[in-house]
Amino acid sequence: MERSSDVEQRQISNEARLIRGAFRAAGLAVGTAVRGTEWAVGTSFEITKQLTQAALDGESSADIAERTGAALRSIARSALGVTEGSVREIVSYVPTPMGAPQQAITNGALLRSATTDELRRRGDALLARSADVYFTEDVHPAYDRILDQLAPDEARILRFMALQGPQPAVDVRTNRPLGIGSELVAGDLTSVPEQSGVRYPDRARHYLINLNRLGLTTTSEDPVVLSRYMVLEVQPVVEQALKKAGRVPKIVRKSLRLTEFGEDFCTTCFSING
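Counting of residues starts from 1 at the beginning of each chain's written sequence and follows it residue by residue. Since the coordinates come from a predicted model, pLDDT governs what is reported: local features require at least 70, and pairs of side-chain atoms require 80 or more to be given and counted, while whole-chain, interface and lining totals use all residues. As a rule here, side-chain values cover all heavy atoms of the structure and leave hydrogens and water aside.

Some thoughts on the environment of Arg 228
Threshold: Strands are runs of DSSP state E lasting at least two residues, helices are runs of H or I lasting at least four, and both sets are numbered from the N terminus onward. Think of it in three bands: residues with accessible area under 20% of the maximum for their type are buried, residues over 50% are exposed, and the middle band is partly exposed, with areas taken using a 1.4 Å probe on protein chains only. Residue contacts follow a heavy-atom distance rule, with two residues in contact if any of their heavy atoms lie within 4.5 Å. In protein, a polar contact requires one atom able to donate a hydrogen and another able to accept it; more generally it is a pair of N or O atoms within 3.5 Å, and residues adjacent in sequence count only if both atoms are side-chain atoms.
Summarising the element assignment, Arg 228 is placed in the loop between β5 (217–220) and α11 (229–232). Residue class for Arg 228 comes out partly exposed when judged on its relative accessible area of 32%. Sequence separation between Arg 228 and Ala 169 is 59 residues, and the spatial gap between their C-alpha atoms is 9.8 Å. Discounting residues that sit within four places of it in the chain, Arg 228 has contacts with Pro 166, Gln 167 and Pro 168. There is a polar contact of 3.0 Å between the side chain of Arg 228 and the side chain of Gln 167.

So this is what it looks like as C-alpha cells:
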C-alpha cells in the first residue's frame with residue numbers, strides 16, 4: 001500500500017519537471033522566471049498540479065494534451081511575451097497516464113528526463129493495457145509522431161508510392177573480374193522524388209533517408225520490370241555515377257518499396273484515392 005506522503009512527493013516531483021520543461025523550452029531559467037514573473041510561476045504551478053492529477057486520475061492522453069497545450073499557450077503569451085505562432089513551436093509536452101512526463105520537445109530536439117523507474121512504470125502500463133479486454137486502439141500510436149517528422153515533400157513521395165507501387169532503384173559499381181574488388185560508387189539511386197513532384201528536388205536524398213529511418217520504405221534486392229529501368233538509367237544522377245565508375249561500369253538493379261508498416265501508415269493517414 002502506497003503511503004499518502006509518497007504519492008504527494010511523486011506529484012510534486014512531476015509538477016517540478018513539468019514546470020522546468022515548459023520554461024526550459026522557452027529558453028528561460030526557472031529562477032529568472034520566478035524573479036520576473038511571479039504570477040506566471042504561481043499560475044503554471046497550479047495548472048501543472050491540475051494536469052498531473054488529471055493524469056493520475058486516468059484521463060485520456062488526448063484530453064490531457066489539449067489541456068496542456070492550452071495552459072502553456074496561456075502562460076507563454078502572458079508571461080513570456082511571445083506570439084501565437086511562436087507558442088506552437090515552443091513546446092510539446094504531454095504527461096503519460098501514469099503521471100510520468102514523456103518528453104519535452106524544443107526546436108526538434110528531445111530533452112529526455114525519464115528515469116529507469118519511470119520507464120518501467122510506462123512499460124508496465126502498456127502491458128496492463130494489453131491485458132485489458134476493454135482497451136481499444138484504432139491506429140498504431142507511432143503514426144501521430146511520424147506525421148510530425150515528415151516534410152510535405154516526403155508525404156508526396158509516400159502517396160506516390162502507395163498509388164504506383166514498387167519503383168526501380170539502382171546501385172552503380174566499378175566493374176572487376178568476377179566481381180572481386182568491385183566498389184560501390186553510388187547506391188539506391190531512384191527518380192521517385194522527382195516523379196512524385198517534390199518542390200525541393202535537391203533534398204531528395206535526405207527525404208529518402210528519413211523515410212527509411214522511420215521504417216516506411218525499404219530497398220529490396222528484387223527488381224521490378226526490366227523496361228522500367230530504361231528511364232532511370234538515363235537520369236543525370238545515374239549518368240554521373242556511371243562516368244565516375246570508369247570503364248564498363250556495373251549496374252545492380254533493385255527496387256524501392258513501402259514496408260508493410262509504411263503501407264498501413266499511408267492508407268491510415270492519407271486520402272490515397274481522393
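So, the sheet that holds strand β4 (residues 184–189)
For clarity, the cut-off: Strands are treated as partners if at least two bridges between them are detected by DSSP. Between N-to-C directions, angles cover 0 to 180 degrees, with each direction set by a line fitted to C-alpha atoms, over the stretch in contact for helices.
Read from one edge to the other, the open sheet built from 4 strands follows the order β4-β3-β6-β5, with strand pairing classed as antiparallel. Two strands lie at the open edges of the sheet, namely β4 and β5, each paired on one side alone. Here the average twist between neighbouring strands, direction ignored, is 25 degrees. Alignment of strand β3 (residues 167–173) against strand β6 (residues 250–258), held across 7 bridges, turns out to be antiparallel. Note on β6: the bridge partner recorded for Asp 171 is Val 252. Most of the contacts of helix α12 (residues 236–244) go to β4, to which it runs at about 160 degrees, and overall it touches β3, β4 and β6.

Here we look at α12
Our working definition: The arc in question is the one traced by the directions running from the helix axis out to the C-beta atoms.
Looking only at α12, the buried set comprises Val 238, Ala 241 and Leu 242. An end-on view of α12 places all buried positions within 100 degrees of arc, on one side of the element. In α12, the exposed positions that point more than 90 degrees away from the buried face belong to Pro 236, Gln 240, Lys 243 and Lys 244. In this fold, the buried residues of α12 make contact with β3, β4, α11 and β6. Note on α12: the residue one or two positions beyond its end, Gly 246, has a positive phi of about 90 degrees.

Points about the side chain of Thr 217
With respect to the helices and strands, Thr 217 occurs in strand β5. In this structure, Thr 217 is in contact with Leu 158, Met 161, Leu 208, Leu 211, Asn 212, Leu 256, Arg 257, Leu 258 and Thr 259, ignoring residues within four places of it in sequence.

A closer look at the side chain of Ser 220
With respect to the helices and strands, the residue Ser 220 is situated in strand β5. When its relative accessible area of 14% is taken as the criterion, Ser 220 is described as buried. From its side chain, Ser 220 meets the backbone nitrogen of Asp 222 in a polar contact 3.0 Å long. Each residue touching Ser 220, except ones within four places of it in the same chain, is listed here: Lys 254, Ser 255 and Arg 257.

Considerations on unusual backbone geometry
Of note, Asp 188 is a non-glycine position whose phi angle comes to about 55 degrees, a positive value. Along the chain, the position of Asp 188 falls in strand β4. Of note, the phi angle at Val 248 is positive, near 50 degrees, even though the residue is not glycine. Along the chain, the position of Val 248 falls in the loop between α12 and β6.

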